[in-house]
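# Understanding the architecture of this molecule
As a plain string of letters, each chain reads:
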Amino acid sequence: VNLIITGELNNKDFLTLKQLPNLSILDLENIKNTEMPANVFEGKESLSKITFPHNLIKIPDLACHKCKNLTQIEYFEKVKEIKNNENFKEANYGR
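Notes on the structure in this doc start here. (Residues numbered from 1 in each chain as written. Predicted model: local features only at pLDDT ≥ 70, side-chain atom pairs only at ≥ 80, totals over all residues. Heavy atoms only, no water.)

Counted under the stated rule, the structure contains one salt bridge. K49 is the salt-bridge partner of E74, the closest N and O atoms lying 3.5 Å from each other. Here K49 lies in strand β3 (residues 49–51) and E74 lies in strand β5 (residues 72–74), a separation of 25 residues in the sequence. The class for K49 is partly exposed, based on a relative accessible area of 22%. (Salt bridge = Lys/Arg side-chain N within 4 Å of Asp/Glu carboxyl O. Helix = DSSP H or I, 4+ residues; strand = E, 2+ residues; numbered from the N terminus. Buried < 20%, exposed > 50% of the residue type's maximum accessible area, 1.4 Å probe, protein only.)

The next subject is the environment of E29. Following the sequence through the fold, E29 ends up in strand β2 (residues 25–31). A residue is classified by how much of its surface remains accessible, and E29, at 27% relative accessible area, is partly exposed. Residues E29 and T6, spaced 23 residues apart in sequence, show a C-alpha to C-alpha distance of 7.8 Å. Ignoring any residue separated from it by four or fewer positions in sequence, one finds E29 in contact with T51, F52, P53, H54 and F76. (Contact = heavy atoms within 4.5 Å.)

This part covers the pairing of strand β1 (residues 2–7). Here is the key point about a regular strand: its side chains alternate between the two faces of the sheet. Strand direction decides the pairing type here: β1 and β2, joined by five bridges, are parallel. Opposite I4, over in β2, you have D27 as the bridge partner. (Pairing = 2+ DSSP bridges.)

So this is what it looks like as structure tokens:
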């Protein structure tokens, strides 16, 4: 399942995204959020590509931890901080 999201998301929306079965490609580029919750997609094994919001300032703690099929990550120049060096542990990003 490929999904493009726009608008502003709250914590419940992020939880719903995490619970979607078979979510493979997630494009959040045009959401209005500048922050996202910690562990936002942790353990989402079906996720293979994510595009973080263009307004995002930091990638939160463990955002994609244990996303074993994640091979593509896109983020923009506004990102000044990637929290926690375990963030992409077990992802295939960059390999």
